[in-house]
Amino acid sequence: MAVAGAALKPMAAWAQNETITNWSGNLTYGTHKLTNAMSAGEVKNFVQQHKKFKVLGTRHCFNNIADSRDEFLSLTQAEPAYVIDAAAKTVTVNGGTRYGTLAEYLNNHGWALHNLASLPHISVAGSCATATHGSGVHNGNLSSAVAGMEIITAKGEVKHLSKEKDGEAFLAAVVSLGALGVVTRVTLNIQPTYMVRQNVFEDLSFNELEHNFDAIMGAGYSVSLFTDWQNKNVGEVWVKSRVTPGENYTPQAEFYGAKAATRNVHPIIALDAINCTDQMGVPGPWHERLPHFKMGFTPSSGKELQAEYFVPREHSYKAMMAVEKLHEEITPHLFITEIRTIDADDLWMSPCYKQPSTTIHFTLKPEWDAVQKLLPKIEAALAPFNGTPHWGKLFTMPYTRLAQVHPKMKAFQQVVKEYDPTGVFTNDFLKRNIWGA
């Protein structure tokens, strides 16, 4: 990390006693005390001086996984301090760096990541800690690209973990849920840069999904389905395909009965697509096509709620139909649902642990009173298919159920005790969902 001045820098909110909220505004954090660390040395100093705090990233989580009643430490203002190892095909970067910033740097130097999430504004460390993902039947979530980590523990010790040398200890730490310490540096696997084209098709019948789900989701490098659960159809299919140099490209007019869009569209069809990444089959750099939204567009206020559940790939269609039965209760509170696929990984607390998965994501209206009554019904509908919530989204699933769908829960508890025996990083979210308190 870049070496800055010795003094830690409290942010303006601390000085002005202002409240701090998350990206969508649905959560007001439990303290206004937020301090920026600009180097690993400053992080160590902060850890030694504070008995209770949480690391706050780009604030895109919709629940209180990163919340604190005491103090916050942020690494988002630190310089990225990129280090590319061309021989190893890795990049090492400050954990608070946003994916969009990293992606632009990599592309300018001839490199790329295997995938990106729908928004490029999220931080590297925070996204990996929550197993945030993009789409693609052969693409693991973002944390699956982690090759190494630097963590400063509750005792102020600096741990360097790598996939190559640390085995299960590494696999336990990548999806950390913010429980193990401050992730100051992350090393990611990279590959040579590539081009992607994005095509959108409209009005895909659920009947086609019943018989061709795998073929549809495998028709591109990354595929997303958008539905409002009305009319038994998918309103939009977004197909992102890697471009082969010199290929003879012919646009498709039809895709399993869905018609090619004649203009750029927003996932919510009524909204302007100006902030969406370019479509219509126009090739562009990977980082300008894999996300749904442009990096230049910074969402200042989401005014929405989000929930998302992972199900094993073989249950995809049946799980969707279980949700569809609730459409009369869901649609009054729904903006849009997105369905994506993620490959299996071996990270202990990942919802895709040893299981290729499909996710059903709900972008909901900011109506928490209604949504908190709706989520248990969705969770009950997905329970026969081992529905597992996204760690950074809203859910009501109890600890007993979380322990069932995460087979490494008990082992992870032991790792947390080792890293943080006095509970420096423990908050209400971890008490409830990891410890069952």
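Residues numbered from 1 in each chain as written. Predicted model: local features only at pLDDT ≥ 70, side-chain atom pairs only at ≥ 80, totals over all residues. Heavy atoms only, no water.

**Q** Explain the pattern of salt bridges to me, using residue names and the numbers behind them.
**A** Taken as a whole and assessed by the stated rule, the structure comprises 10 salt bridges. Among the salt bridges present, the one from Arg263 reaches Glu202, with a minimum N-O distance of 3.9 Å. Highlighted residues: Arg263 in the loop between β16 (258-260) and β17 (284-285) and Glu202 in strand β12 (residues 195-205), separated in sequence by 61 residues. On the basis of relative accessibility, which here comes to 41%, the residue Arg263 falls in the partly exposed class. The exposure class assigned to Glu202 is buried, which follows from its relative accessible area of 17%. Salt-bridge contacts for Glu308 lead to Lys393; the nearest nitrogen and oxygen are separated by 3.6 Å. On the criterion of sequence distance, the pair formed by Glu308 in strand β18 (residues 305-312) and Lys393 in the loop between β21 (388-389) and α10 (399-405) is long-range, its members being 85 residues apart. (Salt bridge = Lys/Arg side-chain N within 4 Å of Asp/Glu carboxyl O. Helix = DSSP H or I, 4+ residues; strand = E, 2+ residues; numbered from the N terminus. Buried < 20%, exposed > 50% of the residue type's maximum accessible area, 1.4 Å probe, protein only.)

**Q** I'd like a rundown of the pairing of strand β14 (residues 233-242), residues and numbers included.
**A** Counting buried positions along β14 gives 7 out of 10 residues, so the element sits mostly inside the fold. Judged from the 9 bridges that link them, β12 and β14 form a sheet pairing that is antiparallel. Paired with Val196 across the two strands is Arg242, which belongs to β14. Relative to β14, strand β13 (residues 222-227) runs antiparallel, the two being bridged by 5 bridges. Counterpart to Ser224 in the pairing with β14 is Trp238. Hairpin connection between β13 and β14: a loop of 5 residues separates the two successive antiparallel strands, and Trp229 in this loop has a positive phi of roughly 65°. (Pairing = 2+ DSSP bridges.)

**Q** Go over the packing of helix α6 (residues 206-217) against helix α7 (residues 316-324) with me, naming the residues and quoting the values.
**A** With their axes 9 Å apart at the nearest point, α6 and α7 run at an angle of 155° to one another. Looking at the two axes, α6 sits roughly antiparallel to α7. Residues Phe206, Leu209, Glu210 and Phe213 of α6 touch α7, and the partners they reach there are Ser316, Tyr317, Met320, Met321 and Glu324. (Axes fitted to C-alpha atoms, helices over the stretch in contact; angles between N-to-C directions. Parallel < 35°, antiparallel > 145°, perpendicular 65-115°, else oblique. Contact = heavy atoms within 4.5 Å.)

**Q** Pulling in residues and values, what's your account of the environment of Asn212?
**A** Within the fold, Asn212 resides in helix α6. Considering only alpha carbons, one finds Asn212 and Tyr256, 44 residues apart in sequence, at a separation of 8.6 Å.

**Q** Explain the nonpolar core to me, and be specific about the residues and the numbers.
**A** The biggest cluster of nonpolar side chains holds 118 residues, and the ones touching the most others in it are Leu188, Leu209, Leu225, Trp229, Trp286, Phe362 and Trp391. One finds Leu73, Ala154, Val424 and Phe425 within the second-largest nonpolar core, a separate group that totals 12 residues. (Core = buried A, V, L, I, M, F, W, Y, C linked by side-chain atoms within 4.5 Å.)

**Q** Requested: an account of unusual backbone geometry, with residues and values cited.
**A** Phi at Tyr256 takes a positive value of approximately 50°, unusual for a residue other than glycine. Within the secondary structure layout, Tyr256 lies in the loop between β15 (254-255) and β16. Residue class for Tyr256 comes out partly exposed when judged on its relative accessible area of 33%. Positioned with a positive phi, Met280 is a non-glycine residue whose angle comes to about 60°. Within the secondary structure, Met280 is located in the loop between β16 and β17.

**Q** Describe the state of the cysteines, with residues and values.
**A** For the structure shown, the criterion picks out 0 disulfides. Summary of cysteine pairing: Cys61 is not part of a disulfide, and the nearest cysteine sulfur, belonging to Cys128, is at 12 Å. We note that Cys352 lacks a disulfide partner, and the nearest cysteine sulfur, in Cys128, lies 13 Å from it. Since its relative accessible area comes to 0%, Cys352 is described here as buried. (Disulfide = S-S within 2.5 Å.)

**Q** I'd like a rundown of the sheet that holds strand β10 (residues 182-189), residues and numbers included.
**A** Hydrogen bonds between backbone groups are what pair the strands of a sheet, and the pairing can be parallel or antiparallel. With respect to topology, 5 strands assemble into an open sheet ordered β5-β6-β10-β8-β9, the strand pairing being antiparallel. Every interior strand has two partners, whereas the edge strands, β5 (83-85) and β9 (158-162), have only one. Put simply, the sheet's adjacent strands are angled 15° from each other on average, direction ignored. Two elements, strand β8 (residues 146-152) and β9, share 5 bridges in a ladder whose sense is antiparallel. Note that in β9 the partner of Ile152 across the bridge is Val158. Taken strand by strand, helix α2 (residues 40-49) contacts β8, β9 and β10, and its axis lies near 45° from that of β8. Taken strand by strand, helix α3 (residues 99-108) contacts β5, β6 (90-94) and β10, and its axis lies near 140° from that of β6.

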